[in-house]
Amino acid sequence: MNSSSDSATDSVEGCLDCLLKALANNNTEASMKIQEMAVLPLLPGLLKPESSYTPKVANIIAELAKNELIRSPCVEAGLIPPLIQLLNSSDQEVLLQTGRALGNICYDSHSLQAQLINMGVIPTLVKLLGIHSHNTALTEMCLIAFGNLAELESSKEQFASTNIAEELVRLFQKQTEHEKKEMIFEVLAPLAENDAIKLQLVEAGLVECLLQVVAQTVDGEREEDIAQLKTASDLMVLLLLGDESMQKLFEGGKGSVFQRVLSWIPSHNHQLQLAGALAIANFARNDGNCIHMVDTGIVQKLLDLLDRHVEEGNVTVQHAALSALRNLAIPVVNKSKMLSAGVADVVLKFLQSEMPPVQFKLLGTLRMLIDTQAEAADQLGTNGKLVERLVEWCEAKDHAGVMGESNRLLSALIRHSKSKEVVRTVIQGGGVKHLVTMATSEHMIMQNEALVALGLIAALDLGKTEKDFVGASLVSVLHKLLSDERSAPEIKYNSMILICAVMGSEPLHKEVQSLAFIDVVSKLRAHENKTVSHQASLTEQRLTAQS
């Protein structure tokens, strides 16, 4: 009896060897034949944890599934559940071949990968990585699986509930080869997009590993050094995008990590300068950090960096350094300190840049700096070259961001300076028509900023701007804003203030009369907002008195 079961086993082994040989010889042809011969439905029954030929069966499935036409039939034959069961095996060869089989069947299929996640493979694989970290082939299999699964959003929560962060950091610390480190990096990057995992990675000590990689590769000439430096510093910046992980590393500005990252900014290496500036921009995400950083002299480091890039013009470094300065300028107490440090002058050196990302950040930085700073707004607002460039960028139809920021800065120069000289510079530079257009923006905040600036222009120099107001159809724009039920209360209020201001000009007054404003305004007397209804009464009186 025994010998017959042995011979049955031998003949199954023989068949399996035969199939593997055929697949090795010509995978496409053999896999199609195997499917036609209805072998697939027989395989689930052979995937028994205790069976001696299970590794071979799993290997055959892995080889079959290299052919993408065979992947769906593998799923239909019910191969996934028994394969997942085998991940609980303690036999390393079984685990390796099972992992390959599942990986190949689900390759490039998000829906099948999602199915694996729902069936709980993530905690199982993380556990395997911990147990078999000395087995190179198994470790690589786990890393490849993690890399594929981590791309799915649904995997992040499952990963976050395992100790993947500790396992990956432990594995990383053991590696000496560039290729192995790269493999781990490829899993870390998508995982670190999740805020909970960012914090776990920081707590597991990943940052120390990254700083070590940077120190080892910063002077390297080899391609792999350059690649590792970029990956490590990029990952460092990514970890700082999480609020908790960022604050943990800032440690009140005394953190050794924060200090190390600061030392990257004066580095001679562009990649490190970039990462250093981006890291500062990320640390500068709350007022407390910004105030501390400005008080400890970071602004000067960023200005020196920008000065080095006026000539050698690395656009990504310019963009990152300007982002950092813009964020640092948000707290009110920092503005005057930064202006005294000469930030505006250095930023203006990039006025000739033809790169929209740099233009965008330059505009944002100046707008943050002059907020509530009348003297600076006055100085910049009477700078003819700056105003001329802003007017040019207000027409940058291809770059909505640059266009919007130019309009906002133009308006801010007038609003914060309240100066007749600035108003004259804007009128001469041809900026008025852009502010009228800005009043029709779909963003309420921009509409409002435009209306307040136009009100100041009318109040400070109506005679000089009368022609521009007529040319830009200001009065009919205001009529539209007041008639539109969707206009916010502050828009209605500021539009009425502006109507009263332009009545001092004869041609504009005529336009107001011809558009029957009185009807629109009298309706607003019943507005639920008290400020609007009160202003409507005043405007109505003014319109009636002057009709």
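Residue numbers restart at each chain and count upward from 1, following the sequence in its written direction. Given that the model is predicted, a residue must reach a pLDDT of at least 70 before its local features are reported, and side-chain atom pairs must reach 80 or more before they are shown or counted; all residues, however, enter totals for whole chains, interfaces and linings. Heavy atoms throughout the structure, all of them, feed into the side-chain values; hydrogens and water do not.

Asks: I'd like to hear about the overall build of the protein, residue by residue, with values.
Replies: Put simply, DSSP marks the helices as runs of H or I at least four residues long and the strands as runs of E at least two long, and each gets a number from the N terminus on. Counting its regular elements, the protein contains 36 helices and zero strands. For this measure, only C-alpha atoms enter the radius of gyration; the expected value for a globule follows 2.2 Å times N^0.38, where N is the number of residues. Relative to the compact-globule value of 24 Å for 547 residues, the protein shows a C-alpha radius of gyration of 33 Å, a clear excess of over 25%. Considered along the principal axes of its C-alpha atoms, the protein spans approximately 120 × 55 × 40 Å. Within the protein, buried positions represent 55% of all 547 residues. What makes two residues a contact is simply this: any of their non-hydrogen atoms within 4.5 Å. Long-range contacts, defined as pairs at least 24 residues apart, comprise 71% of the intrachain contacts of the protein with a sequence gap of at least 6. Approximately 24700 Å² of the protein is accessible, and the part contributed by carbon and sulfur atoms is 52%. Only protein chains enter the accessibility calculation, which uses a 1.4 Å probe; a residue is then buried when its area is under 20% of its type maximum, exposed when over 50%, and partly exposed in between. Each accessible area value is a Shrake-Rupley result obtained with a 1.4 Å probe; residue values ignore everything except the protein chains displayed when judging cover.

Asks: Break down the domain arrangement of the protein for me, citing the residues and quoting the values.
Replies: The domain boundaries here were taken from an automatic or database domain assignment. Once the domains are mapped, the protein shows domain 1 (373–471) and domain 2 (473–546). For domain 1 and domain 2, the distance between their C-alpha centroids amounts to 22 Å. The partner domain 2 presents 19 residues to the 16 residues of domain 1 that form the contact. Buried surface area refers to the total accessible area, computed with a probe of radius 1.4 Å, that the two partners give up upon joining, counted for both partners together. Ranking the residues of domain 1 by area buried against domain 2 places Leu451, Phe469 and Val470 at the top, with a combined share of 33%. Counted as salt bridges are all cases of a side-chain nitrogen of Lys or Arg within 4 Å of a carboxyl oxygen of Asp or Glu. If you look at where domain 1 meets domain 2, you find zero salt bridges. Top element by residues in the side of domain 1 that touches domain 2 is helix H31 (residues 444–471). It accounts for 13 residues. Ten residues, namely Ala, Val, Leu, Ile, Met, Phe, Trp, Tyr, Cys and Pro, are considered nonpolar, four, namely Asp, Glu, Lys and Arg, are considered charged, and the remaining ones, Gly among them, are considered polar. For the side of domain 1 that touches domain 2, the per-class residue count stands at ten nonpolar, five polar and one charged.

Asks: Requested: an account of the nonpolar core, with residues and values cited.
Replies: Of all hydrophobic cores here, the largest spans 192 residues; its most connected members are Phe146, Phe159, Ile280, Leu302, Leu328, Leu454 and Phe469. When residues in this core are grouped by element, the largest group, ten residues, is from H31. Lining this core are residues from two domains, each supplying at least three of them: domain 1 (373–471) and domain 2 (473–546). Aside from chain neighbours lying at most four places away, what touches Ile280 is Phe258, Leu262, Ile265, Met293, Ile298, Leu302, Ala324 and Leu328. Buried Ala, Val, Leu, Ile, Met, Phe, Trp, Tyr and Cys residues that are joined via side-chain atoms within 4.5 Å together make up what is termed a nonpolar core.

Asks: Describe the environment of Leu206, with residues and values.
Replies: Inspection of the secondary structure puts Leu206 in helix H15 (residues 206–217). By relative accessible area, Leu206 is classed as buried at 0%. If we skip the residues at most four places from it in the chain, Leu206 touches Val169, Leu188, Leu201, Leu235 and Leu239.

Asks: Give a description of helix H25 (residues 356–370) that names residues and reports values.
Replies: Each residue after the first adds 1.5 Å to the expected span of a helix. Here H25 spans 21 Å end to end across 15 residues, near enough to the 21 Å set by a 1.5 Å rise per residue. Summarising burial for H25: twelve of the 15 residues are buried, a large majority. Here H25 has its buried residues at Val358, Gln359, Lys361, Leu362, Leu363, Gly364, Thr365, Leu366, Arg367, Met368, Leu369 and Ile370. Against the buried residues of H25 lie helix H22 (315–328), helix H23 (332–340), helix H24 (343–348), helix H26 (374–381), helix H27 (384–393) and helix H28 (400–417). Of the residues flanking the end of H25, it is Thr372, one or two places downstream, whose phi is positive at about 70°.

Asks: Describe the environment of Asp345, listing the residues and the values that go with them.
Replies: Looking at the element boundaries, Asp345 is found in helix H24. Owing to a relative accessible area of 54%, Asp345 belongs among the exposed residues under this scheme.

Asks: Can you break down the UniProt feature "repeat: ARM" (unreviewed entry) in the protein residue by residue, with the values?
Replies: UniProt positions are given in the numbering used here, feature names are shortened, and annotations may be inferred rather than shown by experiment. Residues given the UniProt feature "repeat: ARM" (unreviewed entry) here are residues 78–120 and 297–343. Between the end C-alpha atoms of residues 78–120 the distance is 17 Å, and the span holds 70% helix and 0% strand.

Asks: Which residues make up the packing of helix H13 (residues 178–191) against helix H16 (residues 223–239), and what are the values?
Replies: At their nearest, the axes of H13 and H16 sit 11 Å apart, and the two run at 25° to each other. In terms of axis orientation, H13 runs roughly parallel to H16. For the element pair H13 and H16, the recorded crossing hand is left-handed. Across the interface between the two elements, His178, Lys181, Glu182, Phe185, Leu188 and Ala189 of H13 pack against Glu224, Ala227, Gln228, Thr231, Ala232, Leu235 and Leu238 of H16. Its residues assigned to classes, the contact of H13 with H16 comprises seven nonpolar, three polar and three charged. Here, axes are lines fitted to C-alpha atoms. For helices the fit covers the stretch in contact, and angles between N-to-C directions go from 0 to 180 degrees. Roughly parallel covers angles under 35 degrees, roughly antiparallel covers those over 145, roughly perpendicular covers 65 to 115, and oblique covers all other angles. Here a crossing is called left-handed whenever its near helix is offset anticlockwise from the far helix by less than a right angle, and right-handed whenever the offset is clockwise.

Asks: Give a detailed account of the packing of H28 against helix H29 (residues 420–428), specifying residues and quantitative values.
Replies: Viewed as axis vectors pointing N to C, H28 and H29 meet at an angle of 160°, and their least axial separation amounts to 8 Å. With respect to their mutual orientation, H28 and H29 come out roughly antiparallel. H28 and H29 meet at a crossing whose hand is left-handed. Mapping the contact onto sequence places Leu410, Leu413, Ile414 and Ser417 in H28 and Val422, Val423 and Val426 in H29. Here the residues of the contact of H28 with H29 are counted per class, giving six nonpolar, one polar and no charged.

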